[in-house]
Amino acid sequence: MPAADELAARQRVRRLRQFPRYPPAKSCITLPAMLDRVAMHQSRLRLPGLGTDGKGVALGSRGLVLLASLERLVAFLSLYTSCQSLADVLATLRIEVVKSKMGTREVVLSFAAEGSERMDRIAEMARVALGYTFTGSSRHFVQYRDIQAPFGYDVPEVMAADGDYVLYHNSFSQVYHRERDLDLRGLLLRLHLVQDPAFGRDPGPCLLVAEEGMGPAIVQYLIRSRVEARVGIAQWPPLSALDDAPVQRYLFEVPALPPRMLPLFQQTPGVTALRVVSPGIAIQLGYRHPITLQSCPVFPPQGLVLFFGDQHEPLVLDTMPTLGSVSAFARVEFHGGTGMQALSGQQLNVPTTKVPIRLLPSIEPWSQVQATFIPTADYPTFRHMLYRLDTLTLKTASIAFTPHGAFLLNPKGIDTTPIGYFLRELRPRVFLAAGYDIVPAIDSDVLFQALGAPSNHHVFLLPQVPAIGVPNQAFVPLPKAMIEGQSWAPVNTLPIEPALTMPIPQVVFDNPPR
Amino acid sequence: MGTNITPHAWLERIAKPLILGGPLYPFDPIGPSHAPSLAQQIASVASPTDISSMTVARVRHARHLYPVDTLPDISVEEWLMTIAIHDVLRATDPHLQSVFSPGRAVNILDGALAILAQVPAPKHTLEALARHATFASVFAMQRQDIAVSWWCGSRLYAGRKPPDRLLAWPEVRRVRSEILQQNLQSMMTGSETLKAHHADAWQALLVRTPLTDLMNVTRPLPPFRWTPTTVAMLSGPGRDIAMRALRWQSDPQTYSTCYASFVRLGDSAPAIVKTALEELFAWNNPANQRT
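Keep in mind it's a predicted model, so treat the numbers as computed, not measured. (Residues numbered from 1 in each chain as written. Chains lettered and ligands numbered in written order. Predicted model: local features only at pLDDT ≥ 70, side-chain atom pairs only at ≥ 80, totals over all residues.)

What is the right way to read the overall build of chain B from this model?
Assigned secondary structure in chain B consists of 15 helices and four strands. The contacts of chain B with a sequence gap of at least 6 include a subset with a gap of at least 24, amounting to 72%. (Helix = DSSP H or I, 4+ residues; strand = E, 2+ residues; numbered from the N terminus. Contact = placed C-beta atoms within 7 Å.)

As structure tokens, this is what we get:
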């Protein structure tokens, strides 16, 4: 869970503690107390299985939280997991739906009490979720301590009842019969994700699930973009009985997906981007699970659980598919096999006449300046400049990011972006630093041949640096690359139609209609 | 004149119709003794949801005169004026006047004047604009009367719906009903004294919202006259807004009405009014504008 969410949850708990939903018991209407307060140093208690711990607090072997509905249970779990892990209570945790004699169904969450510190913590959470906390042993549970009774409560008389749970509270005593068990894992899988545009915007490990047809294209895209990733094929049984073959999807594990690729993978049909929140659990970007899954170790780490948005059912894989580096799928090329013999040692001794190409400053006026190289140090200035660019530039410019810096192309001229080192176009896809000439003064076509006539690369010649080739596919429209995703939240609108239609006030002496 | 009116009921039945339009259902007369506490209560309890829809309409009215986007909330003084308007409207109910209490309507109108006496004139232009925004629709107010006649009699239902039994068997009983729209002037029926009291009450209200006064120069009731507050608007920093209020009206009688009122002032007529009238005349007749 992001730190901001955790902070917000803690603040909410603190606020509710300061301003409890119910007034303190002193100001309540005084009801006949049904429970006895345990006094300091009291050792004999009436409720079977109830004893006192080292601090003198009445405590049984188990704790119990009574919640009115499943929604309250989800709220309780959400609050609890936002602050701490469920791991310490998970081994003894039981969630049951119980039924009272009056026919009402409620949810009981029981666990090993272990100590008053844990019980205090859980009681606070339960109070926020409008639940009641009890302590006791096998069947009989009495209200856990609160501000009125710092050492807890004891019953004046044990009730003779045959229910599975007999709960004694200061305001009620109730007998419950167990109806069914609730599986926490099943509950987590059944909860729909909620929209959260901000989720996944921070850098972190991602999973990409791609349709079969999209897989190879994504592999090549990741290789071209120098993004480290692992790829595998995930299979699961068909979702419909009408399908014979199992469902097969490409699964990519990307340890650090560049932020510029997030919108692409979020918007491309057939690809779903998910954020790994803990080992074996991933949630679709743009959505959030109501409960903090990192704090619920109910899914085996060797498996994989994928939570999708749009009310799709989550996907549970028992084992993680085998993954391999995407570089293994890179295109391979073989030598032409012309049959020419290797050079002999005698030939090697012939002094070579070939010279490297050099760049020398020139006083010739600049022309065809259609690109610029922006070093990484100039990125902050470039970001400021983006706000001042005109519509035409934003429409026509494209940019590619490399480890050296960014290359910005604009066929309409680069003069609107006065930043970086300008480059002029010698011939299509070959650019030379403005203010420089090539020596020897060869023709641009000869230069192109000397560069290996790359058909799928743009080549940039900069002084003091070897020629840089950037794949054509690395150039993306400038707005798409630079504008980050914007967060938004729906608000309730007020109807203004009455104000705009403005009927004439009409005096009526009749009584208004009910 | 006691009252158990809740702020919410006041907003729904009086304030919203007054500002947003629609049917306005008056309560029993409030009176000057209960008005301050009720105004305080409404000002403090009114929920933001109720206020927001009225604020949209108020800003819309205010923007006829000045490009503001926000206005101060409706003040206690404005709520007092709302209560006074309510009592004046209530006084027009013919049911109030009976043989046993012939002067009841006059008492209510006097009470409304007493309520308005607690409201000072606006202290600055923004307050005048806010008051106008609240009461801009007042002079458009109407009442629908239904005159019903049948084979042996007739009756006028002022602001009320005639009972169904009276309209039953229309052919057999030769029932005819006629709808009469009454404006602020024709709402009040009765003696001339009563009508004079009625006009005085509206005049007292207009003194406290001078921009509404200037925006409704050709209203049927009360006749326009230059008051200290309207002259103060023309001579202070709100002059442009006041002139805009005068120019806003498309009625050709606006200038002549203002001029007639100016002439009645005689020697005591302020020069600032004369300048304003010249400007208004030039505005209405561009050919006569001085070069």
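There is more to say after this.
What am I meant to see in the pairing of strand β23 (residues 369-375) of chain A here?
Every regular strand shows the same layout, with side chains that alternate between the two sheet faces. Residue and element names in this part refer to chain A. Pairing geometry for β23 and strand β26 (residues 421-427), over four bridges, is antiparallel. Paired with V369 across the strands is R424, a residue of β26. Here five bridges tie β23 to strand β25 (residues 405-409), and the two strands are oriented antiparallel to one another. By the bridge assignment for β25, A371 is matched with L409. (Pairing = 2+ DSSP bridges.)

How do you make sense of the nonpolar core when you look at a structure like this?
Nonpolar side chains in soluble globular proteins generally cluster together in the buried interior. Grouped together as the largest cluster of nonpolar side chains are 81 residues, with contacts concentrated most on F76, V142, L208, F252 and L274 of chain A. It is helix α4 (residues 116-128) of chain A that provides the largest number of residues to this core, a total of six residues. Each residue touching L274 of chain A, except ones within four places of it in the same chain, is listed here: C206, L207, V209, A282, I283, Q284, L285 and L306 of chain A. Counting 64 residues, the second largest nonpolar core, distinct from the first, contains A39, L109, A136 and A204 of chain B. (Core = buried A, V, L, I, M, F, W, Y, C linked by C-beta atoms within 7 Å. Buried ≥ 20, exposed ≤ 12 C-beta atoms within 10 Å, placed from the backbone.)

So what exactly am I meant to see when it comes to the pairing of β26 of chain A here?
Residues and elements named next belong to chain A. Sheet topology places β26 next to strand β27 (residues 430-433); four bridges connect them, and they run antiparallel. Across the sheet, L423 pairs through a bridge with A433, a residue of β27. Taking the residues between adjacent antiparallel strands as the criterion, β26 and β27 are bridged by two residues, where R429 takes a positive phi near 75°.

What's the story with the interface of chain A and chain B in this structure? I'm lost.
Many authors give the size of an interface as the accessible area that is lost as the parts come together. Contacts between the two partners involve 15 residues from chain A and, on the opposite side, 27 residues from chain B. Elements with a minimum of two residues in the side of chain A that touches chain B: α13 (497-501) and β32 (505-507) of chain A. Of the residues that constitute the side of chain A that touches chain B, the class distribution is 12 nonpolar, two polar and one charged. (Nonpolar A, V, L, I, M, F, W, Y, C, P; charged D, E, K, R; others polar.)

Before we go on, may I ask you to explain the confidence of the model for chain B in this structure?
Note that predicted coordinates carrying low pLDDT should not be read in detail. All names here are of chain B. When pLDDT is averaged across chain B, the result is 89; 97% of the residues are at 70 or more. Here helix α3 (residues 48-62) is the element of chain B with the lowest mean pLDDT, 85, and helix α4 (residues 76-91) is the one with the highest, 95. Confidence estimates for the predicted assembly give a pTM of 0.42 and an ipTM of 0.84. (pLDDT = per-residue confidence, 0-100.)

Is there a simple way to explain the sheet that holds strand β7 (residues 132-136) of chain A in this structure?
In any sheet, the strands associate via hydrogen bonds between backbone groups, in a parallel or an antiparallel arrangement. All names here are of chain A. The mixed closed barrel is built from seven strands, whose spatial order is β4-β6-β5-β11-β10-β8-β7. Here the strands of the sheet are splayed against their neighbours by 35° on average, with no regard to which way each runs. Pairing of strand β4 (residues 62-67) with β7 involves five bridges; the strand directions are antiparallel. In the strand pairing of β7, L66 is matched with Y132. Lying on the sheet, helix α2 (residues 70-83) is in contact with β4 and β6 (105-112); it crosses β4 at an angle near 125°. (Axes fitted to C-alpha atoms, helices over the stretch in contact; angles between N-to-C directions.)

How do you make sense of unusual backbone geometry when you look at a structure like this?
Generally, phi is negative for residues other than glycine and the peptide bonds are trans, each holding for most cases. Cis rather than trans, the peptide bond between V439 of chain A and P440 of chain A has omega equal to -10°. Position of P440 of chain A among the secondary structure elements: in the loop between β28 (436-439) and α11 (444-450). Here the residue pair L221 of chain B and P222 of chain B is connected by a cis peptide bond, since its omega of -15° sits within 30 degrees of zero. Among the structural elements, P222 of chain B can be located in the loop between α11 (210-215) and α12 (228-235). In the Ramachandran plot, R429 of chain A falls in the positive-phi region, its phi being about 75° despite a non-glycine side chain. By secondary structure assignment, the location of R429 of chain A is in the loop between β26 and β27. Given 19 C-beta atoms within 10 Å, R429 of chain A falls into the partly exposed group. Phi angles above zero are rare outside glycine, and R174 of chain B is one such case at about 50°.

How should I be thinking about helix α13 (residues 239-248) of chain B in this particular structure?
Two residues of an α-helix separated by three or four positions point the same way, owing to the 3.6 residues in each turn. Residues and elements named next belong to chain B. Within α13, burial applies to I241, A242, A245 and L246. Buried residues of α13 fall within an arc of 140° about the axis and therefore sit on the same side. In the core, the buried residues of α13 are packed alongside α6 (125-135), α11, α12, α14 (253-265) and α15 (271-284). (Arc of directions from axis to C-beta.)

In this structure, what is going on with the sheet that holds strand β13 (residues 206-210) of chain A? I would like to understand it.
Residues and elements named next belong to chain A. The eight strands lie next to each other as β20-β19-β17-β16-β13-β15-β14-β21, forming an open sheet whose pairing is mixed. Either end of the sheet is taken by a strand with one partner, and the two such strands are β20 (315-317) and β21 (324-325). Strand direction decides the pairing type here: strand β17 (residues 281-284) and strand β19 (residues 304-307), joined by three bridges, are parallel. When the sheet's bridge partners are listed, I281 is paired in β19 with V305.

Whenever I open this one, the packing of helix α1 (residues 7-20) of chain B against α3 of chain B confuses me. Can you help?
A packed helix pair is summarised by two numbers, namely the angle formed by the two axes and the spacing between the axes. All names here are of chain B. Taken N-terminus to C-terminus, the directions of α1 and α3 make an angle of 20°; their axes are 9 Å apart at the nearest point. It follows that α1 is roughly parallel to α3 by the angle criterion. Both α1 and α3 take part in a crossing whose hand is left-handed. Across from L11, A15, K16, I19 and L20 in α1, the residues of α3 making contact are D50, S53, M54, A57 and R58. Here the contact of α1 with α3 is composed, by residue class, of six nonpolar, one polar and three charged. (Parallel < 35°, antiparallel > 145°, perpendicular 65-115°, else oblique. Left-handed = near helix turned anticlockwise from the far one by under 90°.)

What should I look at first to understand the environment of E425 of chain A in this one?
Residue and element names in this part refer to chain A. With respect to the element layout, E425 can be found in strand β26. With 18 C-beta atoms packed within 10 Å, E425 lands in the partly exposed category. Linking E425 and P411, residues 14 residues apart in sequence, is a C-alpha distance of 9.6 Å. With sequence-adjacent residues up to four places away left out, E425 is seen in contact with Q368, Q370, A371 and F431.

What am I meant to see in the environment of A140 of chain B here?
Within the secondary structure, A140 of chain B sits in the loop between α6 and β2 (142-150). In this structure, the C-alpha to C-alpha distance between A140 of chain B and G21 of chain B, residues 119 residues apart in sequence, is 9.5 Å. Apart from residues no more than four positions distant in its own chain, A140 of chain B is found in contact with I504 and P505 of chain A.

When you look at the packing of α14 of chain B against α15 of chain B in this model, what are you seeing that I'm missing?
Residues and elements named next belong to chain B. One can describe the packing of α14 onto α15 by two numbers: an axis separation of 10 Å at closest approach and a directional angle of 160°. In terms of axis orientation, α14 runs roughly antiparallel to α15. Crossing of α14 over α15 shows left-handed handedness. Only V273, K274, L277, L280, F281 and N284 of α15 make contact with α14, whose side of the interface consists of Y255, C258, Y259 and F262.

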